[in-house]
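One-letter residues, chain by chain:
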Amino acid sequence: MEKQRRVIALGFFDGVHMGHGALLRTVAERAKALDALPCAFTFDHSPAAAVTGRAVPLLTSVEDRTRLMKELYGIREVIVAPFDRMRQMDWQDFVVQYLQQELGAVHVVAGHDFHFGYRGEGDPRRLEEKCAGSGMGCDIIPKVEVDGVTVSSTYIRTLVGAGKMERARWFLGHPHVLSGPVVHGHELGRTIGTPTANLLVPEGVLSPGFGVYATRVHLPDGVHLAVTNVGVRPTVNADHTAVTVEPWILDYSGDLYGQDVRVEFYTQLRPERKFSGVQALRDAILENARQTRDYFKKTLR
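Reading the values: the criteria
Residues numbered from 1 in each chain as written. Predicted model: local features only at pLDDT ≥ 70, side-chain atom pairs only at ≥ 80, totals over all residues. Heavy atoms only, no water. Core = buried A, V, L, I, M, F, W, Y, C linked by side-chain atoms within 4.5 Å. Buried < 20%, exposed > 50% of the residue type's maximum accessible area, 1.4 Å probe, protein only. Helix = DSSP H or I, 4+ residues; strand = E, 2+ residues; numbered from the N terminus. Pairing = 2+ DSSP bridges. Axes fitted to C-alpha atoms, helices over the stretch in contact; angles between N-to-C directions. Contact = heavy atoms within 4.5 Å. Lys, Arg positive; Asp, Glu negative; His and termini not counted. Salt bridge = Lys/Arg side-chain N within 4 Å of Asp/Glu carboxyl O. Polar contact = N/O pair within 3.5 Å; in protein donor to acceptor, adjacent residues only side chain to side chain. 1 Å grid on protein atoms, 1.4 Å probe; cavity = no way out; pocket = protein on both sides within 12 Å on 5 of 7 lines; lining within 4 Å. Points joined across faces, edges and corners; volume = space filled by probe spheres on them. Nonpolar A, V, L, I, M, F, W, Y, C, P; charged D, E, K, R; others polar. Phe/Tyr/Trp six-rings, centres within 6.5 Å; stacked < 30°, edge-to-face > 60°. Lys NZ or Arg CZ within 6 Å of the ring centre and 35° of its normal.

Visitor: I'm lost on the nonpolar core in this one. Help?
Guide: Soluble globular proteins tend to pack their nonpolar side chains together in the buried interior. In terms of nonpolar packing, the biggest core is built from 29 residues, with Ile8, Leu10, Phe41, Phe94, Tyr98, Leu99 and Leu127 touching the most fellow members. Taken together, the elements giving at least two residues each to this core come down to strand E1 (6-10), strand E2 (37-43), strand E3 (77-81), helix H4 (83-86), helix H5 (91-102), strand E4 (105-111) and helix H6 (124-134). Counting residues per element, this core draws most heavily on H5, which supplies 6 residues. Judged by nonpolar contacts, the second largest core, of 28 residues, contains Met165, Leu172, Ile249 and Phe265.

Set out below in structure tokens:
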């Protein structure tokens, strides 16, 4: 049987931002012209963390990265490779034996700063030369700038960590997302009429800046507006323990425990703060709900 022909975007794609989008759009175009499968290649964990030995919190989990690439850019297959194996591979073997022979690549697309193989010895120039000598096509995409700033996952992490979701959306090209299963909480929201679906921030993923956000939540029955608190709930949690993401999904009732939900962050309404009591907290949440409805009336027109 003939091997599947693939056009492959190469990178880590954390956040799937506007710079990544330039690669992924090129892949879709080349794949259509070559009658091949549009694909993306990514790693199972952060190359920067593995190389430096320092934790690098990610914008997106592997699952969110995969979904964003497929939904936004028409990528049909995402290849998640073990970084520890890839970093030991000779850069020439990576191109010829892995990409061309094992994966069936007929064309690859990489960014201007893409390095690969043992000790990162592979670079865009070597990639172009090796592809040309091996009968594969190759595009190297230059850096992408927005508002005079180079689009990068590192910069966007600073925005998300500071709660600057509107500017983050500008550089991402889509709202920042966080997904996970709904877990049991203390159910205080239920007693004050603002029941929340509680998510834990996935291990290794960056927590948005503590605060309350206007968000949209994707559920099996559709998309809903929500007021989402990110933080440690200082009014009711004296220990300030685990960081939680708690959307109060407006105009919705139902049991979501155990279900995976996706939260899209649009704008921060206020920082997280400690209130004088539960009633003051409830009043603030109701005001945040009004703000959220008003925001999306203007934003989604």
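Visitor: What exactly am I supposed to notice about the sheet that holds strand E8 (residues 176-183) here?
Guide: Neighbouring strands of a sheet are bound in pairs by backbone hydrogen bonds; such pairs are parallel or else antiparallel. Strand order in this closed barrel of 6 strands is E8-E9-E12-E11-E10-E13, and the pairing throughout is antiparallel. Geometrically, the sheet is characterised by an average inter-axis angle of 40° between neighbouring strands, direction not taken into account. The sheet strands contacting helix H10 (residues 278-299) are strand E10 (211-219), strand E11 (222-231), strand E12 (244-249) and strand E13 (260-271), and the helix crosses E13 at an angle near 100°.

Visitor: Sorry, what's going on with the side chain of Asp123 here?
Guide: Looking at the secondary structure, you find Asp123 in the loop between E4 and H6. Of the side chains bearing the opposite charge, Arg125 lies closest to the buried Asp123, which forms no salt bridge; the N-O distance is 4.6 Å. Within the structure, Asp123 has its side chain in polar contact with the backbone nitrogen of Arg126 (distance 2.8 Å). Sequence-distant contacts of Asp123, defined by excluding residues within four places in its chain, comprise Phe114, His115 and Phe116.

Visitor: Would you explain the pairing of E13 in this entry?
Guide: For a regular strand, the rule is simple: side chains alternate between the two faces of the sheet. Two strands pair when backbone bridges link them, and E8 and E13 are joined in this way by 6 bridges, in the antiparallel orientation. From the neighbouring strand, Ser179 faces E13, where its bridge partner is Arg262. In terms of strand pairing, E10 meets E13 through 8 bridges, oriented antiparallel. Note on E13: the bridge partner recorded for Val212 is Arg270.

Visitor: Hey, could you run me through the layout of surface pockets in this one?
Guide: A probe matching the size of a water molecule, rolled over the atoms, marks out where space remains unfilled. The space that makes up the largest pocket amounts to roughly 1000 Å³. Lining the largest pocket are 40 residues, with Gly11, Phe12, Asp113, Phe114 and His115 positioned closest to its centre. Of all the elements in the fold, those that place two or more residues in the lining of the largest pocket are helix H1 (18-34), helix H2 (47-52), H4 and helix H7 (153-161). In terms of residue class, the lining of the largest pocket is built from 19 nonpolar, 15 polar and 6 charged.

Visitor: Please explain unusual backbone geometry as it appears in this structure.
Guide: The phi torsion of most residues other than glycine is negative, and most of the peptide bonds are trans. Despite not being glycine, Val16 shows a phi value in the positive range, around 50°. Considering the arrangement of structural elements, one finds Val16 in the loop between E1 and H1. Val16 sits in the buried class, given a relative accessible area of 0%. The phi dihedral of Asp251 falls on the positive side, at around 60°, and the residue is not glycine. Position of Asp251 among the secondary structure elements: in the loop between E12 and E13. Note on Asp251: relative accessible area 66%, which makes it exposed.

Visitor: Is there a simple way to explain the packing of aromatic side chains in this structure?
Guide: Both the distance between ring centres and the angle between the ring planes are used here to describe each pair of aromatic rings. Applying the stated criterion across every chain, the model contains 13 aromatic pairs. Taking 5.0 Å as the distance between ring centres and 85° as the angle between the ring planes, the aromatic pair formed by Phe43 and Phe83 counts as edge-to-face. Pair noted here: Phe43 is in strand E2 and Phe83 is in helix H4, with a separation of 40 residues, a long-range link. Each member of the pair, Phe43 as well as Phe83, is classed as buried. Aromatic rings pair up to connect Phe41, Phe43, Phe83, Trp91, Phe94, Tyr98, Phe114 and Phe116 into one cluster. Over the aromatic face of Phe12 sits the side chain of Arg65, whose NZ or CZ is 4.3 Å from the ring centroid.

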